[in-house]
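Residue-level structure breakdown
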Amino acid sequence: MTTPAEALRLNGLDALFHGHPDGVCVVDEDGVFVESNSTLADLTGYQVADLLGVPFSRLLHPDYVESTMARFTEAVAGQNRRYVTRIVTSDGTVRLLDVTLIPLRGDGAEVAAVLAIARDIGDVERAAAAAAGNEALVRMAARIAGFAGWTVDVETGRIEWSEELFRLLGLEAGHVPGEEDSLALFEPADREAVADAFARTMHDGEPLDLRATIVDASGRKVHAHLVGEAERDESGRIARVHGAFHDVTALVRHREEHRAMARLLRSSLDQVHDAIGFVDRDWRFTFANSWALQLAGIDEARLRDHTLWEMFPTTQGSPFEAIYRDAMDRGVVGTARAFVPDWGCWFEVDAHPTEEGIAIIVRDVTDDQRAREKLDEYTRRVEAQAALLDAARDAIIVRDLGGVIRYWNHGAETIYGIPAAEAVGRSVRDLLYDDPREFDLAAAALLRDGFWVGELRQRRADGTLIVVDCRWQLSRGEDGQVTVFAVNSDITEHRREQEQRIRAQRLESLGTLAGGIAHDLNNVLTPILMSVQLLRQDEKDPRRRDMLDALDAAAQRGASMIRQVLSFARGSQGHRAPVEVGPLLWELARFCRETLPKSIELRVESPDGLPAVSGDETELFQVLVNLVTNARDAMPEGGVLAIRAGEHGGKVRIEVRDSGTGMDEVTAGRILEPFFTTKESGTGLGLPTSAAIVKAHGGELEVDTAPGRGTAIAFELPPVAQAEAWPPREETPAPGPGRGRRVLVVDDEPAICELVRATLDQRGFVTEVAQGREALELLTQGRRFDAVLTDVMMPGVAGDAIARRLTAEQPQAAVVLMSGLLPGPGARAAVERDGAHFLAKPFTPAALLSTLDAALTERAASQRAQP
């Protein structure tokens, strides 16, 4: 009779036994421990010596005794079995084990013992085992290994197949072929041997162990290893034969020469996703499983011809060499993990000493190593981010689904002015929102989509409202609890600046539109204004003169309104000179006394010695008149109008304050918008024009108002340096007669051309009119002129182009540029380059004659000055 230890050596398992990383033991036919490695002892919590001689059933959990012993009985009968069971360790811990049972046969092919390999399958495998059940694991193991079972009742001849055998042969489950049909499944060459072997087993009790070829239902040849044992009844007669069907087609194809049990062993080891190899004392490989061969990229025959160092030269000098030599020389178990460049992978290697050498188990732990590195990186990042959360300027808030605050960073303290100690534990809905409905709508969208991005109005500790850009995300913690991770940014100032930019863009667009309209209106008003004044000169009827005066006043009023539009559209471009603020305010006071009702008390304050400012006195007076007019309209029942000037921060500050009705925040925010007015007959251009003029002078309008508290509008201007010299304005002399001088009038408006011709002819000039291209043709023909009056903006050709042509060909001629807009870059260049004069539309006959006379006088003087 073969002993279990001898069966272990006969089956070539002694080296694997002690070197295997899993728990391995040998039990006899009664289930008593006869051998155990140290790993199994660690799994059970006992010493190896304590296990020997003890039935393994004592370690089983009560719920698993019956199923486990059934699998053990099948293994003793010669069948490989794999299943999941539970054991109770020495300290009472329950462990779930994945167990593989391999029968060990002696010299007579009888089962002498059972080899068990046990592995703690972990949480994931525990869940899978609990879900699938032990039977499913057995079926899975059988399917992987190609095993199936069968039974023959000797007396009745009834044959029973396992479900897996039907699957292996491609037959429909449930209908088992009879003896003759079963024999017909085998290849003809094997049928006689199969029949003889079965006969010896059923009649003589000889164990069945043979190889044969079967043709399955699809016509595929299946190489089978059939094993069986006779079961005797109480009288000693053979009652049944139990056997196993093993599909060894793959093993046959690989020309396996070892015994059937060795093939089963290799098949089992090949299912292990680790590379396993054994090395003898000469450092030569004696065994390698398929994973090891695949990893090395060689066949087993080549493996045996080389030493470990020859096959893997990069091992020398690596951490693996140290554990190999310690296991070989000192009998010490070692583990090492390192990156191997040849494979581009991380490997973890276990080295176990054996009687013949060492056992090497290699695992590819690249994914695990990367997971560890990611975990380390994540840990470092979390630690860094923990500090960054408090360093962030944004408010970072964590709250539960009920809105209760769980985390409140330093940024939140800064933005909301609420310390973390006061915020944590409170409802964010009650803490930050004046109108909780906004929060409720955002929270509903967050629950629906898992995230929410948008802007909300929130409240600071001091009660002020801020605009907050919110990014909210649902997050699930390791405990499964869902929280809200919120990042809030204060964008109040950004929104204010954005609104200012939008308003500036809107003002620019409106200014462009208004400028175009003003140009056309000036062209319309010019002939009206000139006609009225020309008609008035010869009108003797007082009643008609009054009518003409009314028309003149209306045209002048229209021209004034258009000038406001142009000042708004193009800004201030008036003449700059030192302006004394004191006299300017007293002149304004004289104007106010003549125009303000008696119910308004006027107060003017201007200290002596106030420095002058640089600007256009007429434009600054226009600004102040606009402010005074608005103040008067804000006090329909009377009140106090205070006009003050003084020095403030190195600048001259002028303020106009009334005691009127005042304005709310919304209205005050729109008073500088063009065409916005609260008056029934207002144009909405007074304050926008004033703001444009003040800005051109280097200042900004400041508004201070509230309902029932009146309004104060002020601006500051830089003073003029004392050393700065300014040429005094010269008085414009009365225009002289025309004396027959030739003048070319160029304009695309025929009415303007005719009225200018009439005015000049009346004064003694010889006038010729033309439109744009006609004027260029006259110059091309060599026509000579003493002066040219040309509109700047005309279809086909620009007025400054005509001016350049005239200046180049007739340098003695004077140039006057006319336009309904303030002079643009082209007109200003002509003035600077050619000495041209500018005449703004609409103009009166007097303004026309004065500008033309000044241009002729200046041109004549420059000609005389030339050598």
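Here goes a summary of the coordinates provided. (Residues numbered from 1 in each chain as written. Predicted model: local features only at pLDDT ≥ 70, side-chain atom pairs only at ≥ 80, totals over all residues. Heavy atoms only, no water.)

A closer look at the overall build of the chain
Here is the rule we go by: Helix and strand definitions follow DSSP, with helices as H or I runs of at least four residues and strands as E runs of at least two, each counted in order from the N terminus. When accessible area is computed with a 1.4 Å probe and restricted to protein chains, residues below 20% of their type maximum are described as buried, those above 50% as exposed, and intermediate ones as partly exposed. For this analysis, residues touch if any pair of their heavy atoms sits within 4.5 Å. Residue-level accessible areas treat just the shown protein chains as cover; the underlying method is Shrake-Rupley with a 1.4 Å probe.
Helix and strand counts for the chain stand at 32 helices and 32 strands. Looking at the chain residue by residue over its 867 residues, the buried ones come to 45%. Long-range contacts, defined here as pairs at least 24 residues apart, represent 55% of the contacts in the chain between residues at least 6 apart. About 44700 Å² of surface is accessible on the chain, with carbon and sulfur atoms providing 52% of the total.

Let's talk about the sheet that holds strand β26 (residues 702-705)
Pairing between sheet strands relies on hydrogen bonds along the backbone, with the strands arranged either parallel or antiparallel. Cut-off, in case you're wondering: The pairing criterion for strands is at least two bridges between them, as found by DSSP. Each axis is a line fitted through C-alpha atoms, and for a helix only the stretch in contact is used; angles between axes span 0 to 180 degrees, taken between their N-to-C directions.
Pairing is mixed across the open sheet formed by five strands, whose spatial order is β22-β24-β25-β27-β26. The two strands at the open ends of the sheet, each matched to only one other strand, are β22 (600-605) and β26. Averaged over neighbouring strand pairs, the angle between their axes works out to 15 degrees when direction is ignored. Contacting β22, β24 (639-648) and β25 (651-658), helix α24 (residues 581-595) crosses the sheet at an angle of about 170 degrees to β22.

Focus: helix α21 (residues 436-449)
The α-helix winds at 3.6 residues per turn, so residues separated by three or four positions along the chain end up facing the same way. Note the following rule: Multiplying 1.5 Å by the residue count of a helix minus one yields the expected span of that helix. In this description, the arc belongs to the directions extending from the helix axis to the C-beta atoms.
Taking 1.5 Å per residue, 14 residues should reach 20 Å; α21 reaches 20 Å between its end C-alpha atoms and fits that length. Residues of α21 that are buried include every one of F439, A442, A443, A445 and L446, and no others. Seen from one end, α21 has its buried residues packed into an arc of 160 degrees, which puts them on one side. Among the exposed residues of α21, those oriented more than 90 degrees off its buried face are R437, L441, L447 and R448. Structurally, α21 contributes buried residues whose contacts are with β16 (395-400), α20 (428-432), β18 (451-459), β19 (465-476) and β20 (482-490). Among the residues trailing α21, G450 stands out with phi positive, at a value near 90 degrees.

Remarks on the packing of aromatic side chains
Applied cut-off: Each Phe, Tyr or Trp ring, with Trp reduced to its six-membered ring, pairs with another whose centre is within 6.5 Å; inter-plane angles below 30 degrees give stacked pairs, above 60 give edge-to-face pairs, and intermediate values give tilted ones. Ring-over charges, as used throughout, are those where CZ of Arg or NZ of Lys falls within 6 Å of the ring centre and within 35 degrees of the ring normal.
In this structure the tally under the stated criterion is 14 aromatic pairs. Joined through ring pairs, the aromatic side chains of F285, F312, W343 and F347 make up one cluster. Sitting over the face of the ring of W472, R399 holds its NZ or CZ atom 4.4 Å from the ring centroid.

Things to note about the nonpolar core
Applied cut-off: Nonpolar cores were defined as sets of buried Ala, Val, Leu, Ile, Met, Phe, Trp, Tyr and Cys residues, with membership established by side-chain atoms within 4.5 Å.
Residues V581, L585, L624, L641, I643 and F715 are the most contacted members of the largest nonpolar core, which totals 35 residues. Broken down by secondary-structure element, the contributors of at least two residues to this core are α24, β22, α25 (617-633), β24, β25, α27 (686-696) and β27 (711-717). Apart from the residues within four sequence positions on either side, L624 is in contact with L584, L585, L588, I654, V656 and F715. Counting 28 residues, the second-largest nonpolar core is a separate cluster that includes W283, A327, M328 and A336.

Here we look at the sheet that holds strand β30 (residues 787-791)
A sheet is described by the order of its strands in space; here five strands give the open sequence β29-β28-β30-β31-β32, paired in parallel fashion. Unpaired on one side and paired on the other, β29 (766-770) and β32 (837-840) mark the two borders of the sheet. Going across the sheet, the axis of each strand differs from the next one's by a mean of 20 degrees, ignoring polarity. In this sheet, strand β31 (residues 814-819) lies alongside β30 in parallel orientation, the contact comprising five bridges. Opposite V788, over in β31, you have V815 as the bridge partner. Helix-sheet contacts for helix α28 (residues 750-763) involve β28 (742-746), β29 and β30, and the interaxial angle to β29 is about 170 degrees. This element, helix α29 (residues 772-780), spans β28 and β29 of the sheet and lies at about 125 degrees to β29.

As for the pairing of strand β3 (residues 81-88)
As paired strands, β3 and strand β4 (residues 94-105) are joined by eight bridges and run antiparallel to one another. Looking across to β4, one finds that V88 is bridged to V94. Between β3 and β4, which follow one another and run antiparallel, lie five residues, and G92 among them has a positive phi close to 90 degrees.

So, unusual backbone geometry
For W283, which is not glycine, the phi dihedral falls at a positive 65 degrees. Positionally, W283 belongs in the loop between β11 (275-280) and β12 (285-288). W283 gets classed as buried once you look at its relative accessible area, which sits at 12%.

Quick look at the environment of G92
Counting through the fold element by element, G92 comes out in the loop between β3 and β4. Along the sequence, G92 and T44 sit 48 residues apart, while their C-alpha atoms lie 9.8 Å from each other.

Some remarks on the pattern of salt bridges
How we decide: What counts as a salt bridge is simple: a side-chain nitrogen of Lys or Arg found within 4 Å of a carboxyl oxygen of Asp or Glu.
In the structure shown here, the tally under the stated rule is 40 salt bridges. Across the pair R644 and E605 runs a salt bridge, and its minimum N-O distance is 3.4 Å. One end of the pair, R644, is in strand β24; the other, E605, is in strand β22, and 39 residues separate them in sequence. The exposure class assigned to R644 is partly exposed, which follows from its relative accessible area of 29%. For D704, the salt bridge goes to R709, with nearest N and O atoms at 3.6 Å. Salt bridges sharing partners connect three or more residues here, namely E605, R644, E655 and R657.

A look at helix α10 (residues 188-204)
An ideal rise of 1.5 Å per residue puts 24 Å on 17 residues; α10 measures up with 25 Å between its terminal C-alpha atoms. Buried within α10 are the following residues: D190, V194, A197, F198, T201 and M202. Angular distribution of buried residues about the axis of α10 spans 125 degrees; they occupy a single face of the element. Away from the buried face of α10 by more than 90 degrees, exposed residues E192, H203 and D204 are located. In the segment just after α10, G205 is the residue with positive phi, at about 80 degrees.

A closer look at the packing of α24 against α25
This is how the line gets drawn: The cut-offs work like this: below 35 degrees is roughly parallel, past 145 is roughly antiparallel, 65 to 115 is roughly perpendicular, and the gaps in between are oblique. Left-handed describes a crossing whose near helix is turned anticlockwise from the far helix by less than a right angle; the clockwise case is right-handed. When residues are sorted by character, Ala, Val, Leu, Ile, Met, Phe, Trp, Tyr, Cys and Pro go into the nonpolar class, Asp, Glu, Lys and Arg into the charged class, and all the rest, Gly among them, into the polar class.
In the contact formed by α24 and α25, the axes pass within 11 Å of each other and the chain directions differ by 45 degrees. The orientation of α24 relative to α25 falls into the category oblique. Regarding α24 and α25, the two cross each other, and that crossing is right-handed. Of α25, the residues touching α24 (which contributes L584, L585, E587, L588, F591 and C592) are E617, L620, F621, L624, V625 and V628. By residue class, the composition of the contact of α24 with α25 is ten nonpolar, no polar and two charged.

Some thoughts on the environment of R804
One can find R804 in helix α30 (residues 799-809). Using a relative accessible area of 40% as the deciding quantity, one classes R804 as partly exposed. Taking the C-alpha atoms as reference, R804 lies 9.9 Å from A836; in sequence the two are 32 residues apart.

Section: the pairing of strand β9 (residues 221-232)
By the bridge criterion, eight bridges tie strand β8 (residues 208-215) to β9 in an arrangement that is antiparallel. The residue bridging A212 from the neighbouring strand is A224, located in β9. What sits between the antiparallel neighbours β8 and β9 is a turn of five residues, in which G219 has the positive phi angle 90 degrees. Pairing analysis gives nine bridges linking β9 to strand β10 (residues 238-247), with the strands arranged antiparallel. The partner of G228 across the bridge, within β10, is G243. In this antiparallel pair of consecutive strands, β9 and β10, the connection spans five residues, and G236 shows a positive phi of 90 degrees.

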